[in-house]
Amino acid sequence: MRTVAVLGIVAGVVAALAAVFDIGPAASEPARYKIEFDNAFGLNEGGDFRIGGVRAGKTTAFAVEKRPGRPARALVTVEVERKELADLRSDARCAIKPQSLIGEYYVDCQPGSSPRRLPRDGSAVVPVEQTESTIPPDLIADIMRRPYRERFSILLSQLGAGLAGRPRDLAAALRRADPGLRETNRLLALLAEQNANLRAFIRDADTVVHELRRERGQLARWVDAAQTAAATTASRDPELRATLRRLPTFLAELSPTMRRLAALADQQRLLLAEARASAPELRRFLRVARPFARASDPALGELGDAAAEGLRAVRSGQRVVDELLRIAPEAGPTFKPIRQFLDTMDDRRRAIEDDERAVRAAPPAPDPTAITSGRGGFTGLEAIWNYFYWQSLSINGFDSVGHILRVSLNLNQCSNLYTDVDPNSDLFRRCSQWLGPNLPGITTPDFSDNPAQLASLERQARAPAARVGERRAPGQPEAGPLPGQRDISKPQVTLPPQVLDLIAPKAPERLKPGTLPEVLDQIEKLLDQAPRIGGSDGRPKVELKAPNLPSAKPSAPSGGDARGGNAVQALLDYLLGP
């Protein structure tokens with residue numbers, strides 16, 4: 001049952017497409033129309049049928065239609081052989097016209113412009129009100145000969161008696177019988193409406209004729225040029241014929257296009273109304289912008305010159321960029337410690353003591369150096385700039401009167417530089433600049449000269465603090481962090497997941513602060529086992545071959561294992577990167 005329904009739907013779609021695109025068996029049959037005339041004199045079966053003056057088919061049948069209460073009419077059936085011309089509308093007009101002097105006639109129709117098309121199966125009829133019949137000239141000439149003259153007088157008298165009370169029907173018959181009479185009436189009506197224009201035309205025509213007489217040489221040259229153009233046009237007769245043959249198809253396609261353009265124009269009416277309302281402001285803007293545009297010309301010229309200079313600078317700077325790209329890999333070992341140093345100096349967590357001024361001057365979140373807890377101190381970089389700021393305020397005082405420089409220069413015995421002075425002498429006591437109570441090698445022994453004491457200090461430095469904020473005795477190093485706390489004296493590095501998986505595959509997603517030294521020790525061991533070799537381009541490359549680690553070459557064709565060559569390469573990129 002479902003199959004039958006699907007086949008029915010497909011058949012309906014095919015039939016609709018056939019009807020829309022004019023395909024299928026019915027499209028091969030010629031179109032038929034029926035045309036109603038007062039009489040069909042001169043027409044014969046197989047005669048020409050034309051649409052817009054172009055032969056489109058032939059006349060195939062004739063019939064007499066009789067209806068109660070109206071005279072008999074001739075019903076002519078025509079057949080259109082050219083499908084592209086079979087497009088008669090409901091307002092089509094048809095006429096019988098003479099084809100030659102020997103009495104041949106044909107039917108000529110204008111397709112009309114109504115949106116409603118006539119059926120092509122011959123069921124619709126072009127009414128007699130939209131048709132015209134012709135009067136053969138030989139019949140008019142026969143009236144002047146006997147016995148037709150007497151017969152015509154009898155017919156005319158009888159016709160007058162029969163039409164005594166039907167003047168309107170007679171007038172309509174005459175207009176349909178003689179197209180020239182109808183067109184003359186229309187012309188006279190138009191001329192009557194254009195009396196003022198005609199008077200102006202006659203008055204202006206005198207002026208035009210006078211000017212033409214004065215410029216008759218130019219007029220003669222125009223006639224010669226027109227003759228040349230006509231001759232050239234006549235030489236292209238085949239092309240013009242081909243153009244005229246394609247003209248009906250073009251007109252058929254032009255009509256829906258013009259309808260769409262008309263709909264577009266209707267839709268643009270509101271937009272054009274708004275544009276018209278904005279026209280004064282736009283005119284004012286253009287009037288004001290004109291001096292600005294003139295004043296901008298020199299600037300645009302200078303900008304063009306600057307662009308040319310900039311282009312030359314960019315081209316010359318390409319060599320510098322290439323050189324920087326060449327030396328950039330070599331600069332990694334140098335700039336990496338500098339980056340770590342600057343990161344440490346700009347870390348708010350390494351502040352020595354809390355300071356309210358640092359809280360007030362700190363940038364807002366989400367800046368990495370923002371203070372959100374209400375307590376914090378200055379970073380190392382801020383402390384450096386604070387020194388210059390506060391030192392300037394200390395030596396340069398000012399008030400409402402002026403400035404005073406609090407700096408004095410004393411030239412005495414202590415102004416000289418001494419490198420070898422006895423610490424027990426009066427000169428040392430009088431001129432020494434103490435940096436604190438404990439001066440190694442001066443007031444206290446120099447621990448670097450005693451290896452045993454130096455090793456003891458190193459062990460004390462590695463020993464963790466016993467409590468938060470523990471302070472060591474004078475001369476002792478600072479205590480290390482408590483177990484589980486991060487060591488702020490070392491850079492806080494967050495490793496990529498690939499590197500973390502390579503170094504500590506069973507570790508959590510993020511390393512705990514206490515495990516970072518062990519990870520760094522493993523990295524140092526890996527780097528110690530990584531020999532440096534030269535590449536084909538002369539740049540050094542690092543090949544990692546560590547025991548108990550996968551090979552640097554990926555084993556899988558799709559890119560390698562996450563813990564294989566890609567992870568090793570990720571580790572090297574991270575360590576050697578900027």
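Helix and strand counts for the chain stand at 16 helices and 12 strands. The 578 residues of the chain split such that 18% are buried. Accessible surface for the chain amounts to roughly 43300 Å². Of this, 59% is attributable to carbon and sulfur atoms.

On the surface, V208, L212, L219, W222 and V223 cluster together to form a nonpolar patch covering roughly 460 Å² of accessible area. Sorting the residues of the nonpolar patch by element identifies α6 (195–214) and α7 (216–235) as the ones contributing at least two each. By the secondary structure assignment, L212 is in helix α6.

Another point: the confidence of the model for the chain. Per-residue confidence for the chain gives a mean pLDDT of 75, with 72% of residues at or over 70. For the chain, strand β11 (residues 532–534) is the element with the lowest average pLDDT, namely 41, and strand β2 (residues 48–51) is the one with the highest, namely 92. Counting interchain partners and residues more than four positions distant, the pLDDT-below-50 stretch residues 1–7 has 0 contacts. Scored below 50 in pLDDT, residues 507–516 makes 11 contacts in the model with residues more than four places away or belonging to other chains.

It is worth spelling out the state of the cysteines at this point. Inspection of every chain in the model, using the stated rule, returns 2 disulfides. Paired by a disulfide, C94 and C109 hold their sulfur atoms 2.0 Å apart. Residues C94 and C109 are joined by a disulfide whose S-S torsion is about 110 degrees; by sign, that bridge is right-handed. Of this pair, C94 sits in strand β5 (residues 93–98) while C109 sits in strand β6 (residues 105–110), placing them 15 residues apart in sequence. In this pair, the class of C94 matches that of C109, namely buried. In this model, C414 is linked to C431 through a disulfide, with the two sulfur atoms separated by 1.7 Å.

Turning our attention to the packing of aromatic side chains. Throughout the structure, instances matching the rule amount to 4 aromatic pairs. Judged by centre distance (6.2 Å) and plane angle (50 degrees), the rings of W385 and F388 are tilted. You can see W385 and its partner F388 sitting in helix α11 (residues 380–395), 3 residues apart, about one turn around the helix. On the basis of relative accessibility, which here comes to 62%, the residue W385 falls in the exposed class. Where Y387 meets F388, the ring centres are 5.5 Å apart and the plane angle is 70 degrees; that geometry is what we call edge-to-face. An aromatic cluster of three or more residues is present, and its members are W385, Y387 and F388. The lysine or arginine in question, R50, covers the ring of Y106, its NZ or CZ lying 4.2 Å from the ring centre.

Ordered by their spatial adjacency, 8 strands build an open sheet running β7-β1-β4-β3-β2-β6-β5-β8, and the pairing between neighbours is mixed. Looking along the sheet, the strands with just one partner apiece sit at the ends: β7 (121–126) and β8 (131–132). Two elements, strand β1 (residues 31–37) and β7, share 3 bridges in a ladder whose sense is parallel. Paired with K34 across the two strands is V125, which belongs to β7.

With 23 residues, the main nonpolar core has Y33, I35, F49 and V107 as its most contacted residues. For this core, the element with the highest residue contribution is β1, accounting for 4 residues. Contacts of V107, omitting those with residues within four sequence positions, involve I35, F37, L43, D48, F49, R50, T59, C94 and A95.

It is worth spelling out the environment of T257 at this point. Mapped onto the elements, T257 comes out in helix α8 (residues 237–267). The exposure class of T257 is partly exposed, given its relative accessible area of 29%. Of note is the side chain of T257, whose polar atom sits 3.0 Å from the backbone oxygen of E253.

A word on a positive patch on the surface. A surface patch of like charges, here positive, comprises R283, R287, R290 and R294. The residue R283 is located in helix α9 (residues 269–345) in this model.

Before going further, it helps to spend a moment on the side chain of S133. Within the secondary structure, S133 is located in the loop between β8 and α2 (137–142). Of the residues examined, S133 reaches a relative accessible area of 4% and is grouped as buried. A polar contact of 3.4 Å, which involves the side chain of S133, links it to the backbone oxygen of N39.

Reading the values: the criteria
- Residues numbered from 1 in each chain as written.
- Predicted model: local features only at pLDDT ≥ 70, side-chain atom pairs only at ≥ 80, totals over all residues.
- Heavy atoms only, no water.
- Helix = DSSP H or I, 4+ residues; strand = E, 2+ residues; numbered from the N terminus.
- Buried < 20%, exposed > 50% of the residue type's maximum accessible area, 1.4 Å probe, protein only.
- Areas by Shrake-Rupley, 256 points an atom, 1.4 Å probe, with all protein chains shown as cover.
- Patch = residues over 30% accessible without salt bridge, like charges linked within 9 Å, V, L, I, M, F, W, Y side chains within 5 Å.
- Salt bridge = Lys/Arg side-chain N within 4 Å of Asp/Glu carboxyl O.
- pLDDT = per-residue confidence, 0-100.
- Contact = heavy atoms within 4.5 Å.
- Disulfide = S-S within 2.5 Å.
- Phe/Tyr/Trp six-rings, centres within 6.5 Å; stacked < 30°, edge-to-face > 60°.
- Lys NZ or Arg CZ within 6 Å of the ring centre and 35° of its normal.
- Pairing = 2+ DSSP bridges.
- Core = buried A, V, L, I, M, F, W, Y, C linked by side-chain atoms within 4.5 Å.
- Polar contact = N/O pair within 3.5 Å; in protein donor to acceptor, adjacent residues only side chain to side chain.
- Lys, Arg positive; Asp, Glu negative; His and termini not counted.
- Charge placed at Lys NZ, Arg CZ, Asp CG, Glu CD.

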